[in-house]
Amino acid sequence: GESVGLHLPTLSVQEGDNSIINCAYSNSASDYFIWYKQESGKGPQFIIDIRSNMDKRQGQRVTVLLNKTVKHLSLQIAATQPGDSAVYFCAENPTGNQFYFGTGTSLTVIP
Amino acid sequence: DAGVTQSPTHLIKTRGQHVTLRCSPISGHKSVSWYQQVLGQGPQFIFQYYEKEERGRGNFPDRFSARQFPNYSSELNVNALLLGDSALYLCASSLRAAYNSPLHFGNGTRLTVT
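Residues numbered from 1 in each chain as written. Chains lettered and ligands numbered in written order. Predicted model: local features only at pLDDT ≥ 70, side-chain atom pairs only at ≥ 80, totals over all residues. Heavy atoms only, no water.

**Concerning the overall build of chain B**
Applied cut-off: Only DSSP runs of H or I with at least four residues qualify as helices, and only runs of E with at least two residues qualify as strands; both kinds are numbered from the N terminus onward. Throughout, radius of gyration means the C-alpha value; the globule benchmark is 2.2 Å times the number of residues raised to the power 0.38. Any residue under 20% of the maximum accessible area for its type is buried, any over 50% is exposed, and the rest in between are partly exposed; the area is computed with a 1.4 Å probe on protein chains only.
Of regular secondary structure, chain B possesses zero helices and eleven strands. Here chain B has a C-alpha radius of gyration of 13 Å; the compact-globule value for 114 residues is 13 Å, and the two agree. C-alpha atoms of chain B, sized along the principal axes, occupy 35 × 25 × 25 Å. Looking at chain B residue by residue over its 114 residues, the buried ones come to 50%.

Laid out in structure tokens, this is it:
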């Protein structure tokens, strides 16, 4: 099966600092990636996506970087806020029918 | 606009029983996918439906089945429940069944099997 993993299971940052969450994927054929945020008791919430023909994409306070050479994905959150505390998942789609999710990184923002 | 809605939100069943979970997609979305999320893990793919047809199936036993209705809503059925079926069941909708069509998730149904 596919392997989508996260380098750090937990991450604590001070409010106002930038956060970087990393993800490694295994299928070099994967063409589309999504970052999700999941708060306690809720379903995953779409944050940002990126296709393999791009190496960077920016949203509101978030940036996703894709390095296809080393099969690495990262999510950068600028000026992290307490509301950013959640579990973050990366997901890859190599086949069109299903997304493969990593185990998640728990981000805690310290006020 | 309403997002993906799932019902019920919580459910407790005993081993051997069956369960039906329901999902209404975002208006205009024609594809529905089901995922199982065990505590502490990422979601795992169960099914994808598009235009009432099954487009993909994950590595789950035949006790799991699903269907999609003409209004694009969907049901997930699980027969002969096992303790290991306890999980959060997530429904996600997307505009298309294409690989680059992002999934939008509901808040899930928390199933507990005792």
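**Points about the nonpolar core**
Which entries qualify depends on this criterion: Working definition of a nonpolar core: buried Ala, Val, Leu, Ile, Met, Phe, Trp, Tyr and Cys residues. They are joined through side-chain atoms within 4.5 Å. Here, two residues are considered to be in contact whenever any of their heavy atoms come within 4.5 Å of each other.
Counting 22 residues, the largest nonpolar core has B:W34, B:I46, B:L76 and B:Y89 as its most contacted members. Elements supplying a minimum of two residues to this core: β3 (19-24), β4 (31-37), β5 (44-50), β7 (64-68), β8 (74-78), β9 (87-94) and β11 (109-113) of chain B. When near neighbours in sequence (up to four residues on either side) are disregarded, B:L76 contacts B:V19, B:T20, B:L21, B:W34, B:I46, B:F47, B:S65, B:A66 and B:Y89. Grouped together as the second largest cluster of nonpolar side chains are 20 residues, A:I21, A:Y25, A:L66 and A:I77 included.

**Considering the interface of chain A and chain B**
To keep it simple, the criterion reads: The term buried area means the drop in 1.4 Å probe accessible area that two parts suffer when joined, counted for both and summed. Here, a salt bridge means any Lys or Arg side-chain nitrogen found within 4 Å of an Asp or Glu carboxyl oxygen. Polar contact is the term for a pair of N or O atoms within 3.5 Å; when the atoms are in protein, one must be able to donate a hydrogen and the other to accept it, and sequence-neighboring residues count only if both atoms are side-chain atoms. Note on residue classes: Ala, Val, Leu, Ile, Met, Phe, Trp, Tyr, Cys and Pro are nonpolar, Asp, Glu, Lys and Arg are charged, and everything else, Gly too, is polar.
Each partner contributes to the interface: chain A provides 21 residues, whereas chain B provides 23 residues. When chain A packs against chain B, the two sides together hide about 1700 Å² of surface, and 53% of this comes from carbon and sulfur. At the boundary of chain A with chain B, the tally comes to zero salt bridges. Here chain A and chain B share six residue pairs in polar contact (both at pLDDT 80 or more) between them. For the side of chain A that touches chain B, the secondary structure elements donating two or more residues are β4 (32-38), β5 (45-51) and β9 (86-93) of chain A. At four residues, β4(A) tops the list of elements feeding residues into the side of chain A that touches chain B. The class makeup of the residues in the side of chain A that touches chain B is eight nonpolar, nine polar and four charged.

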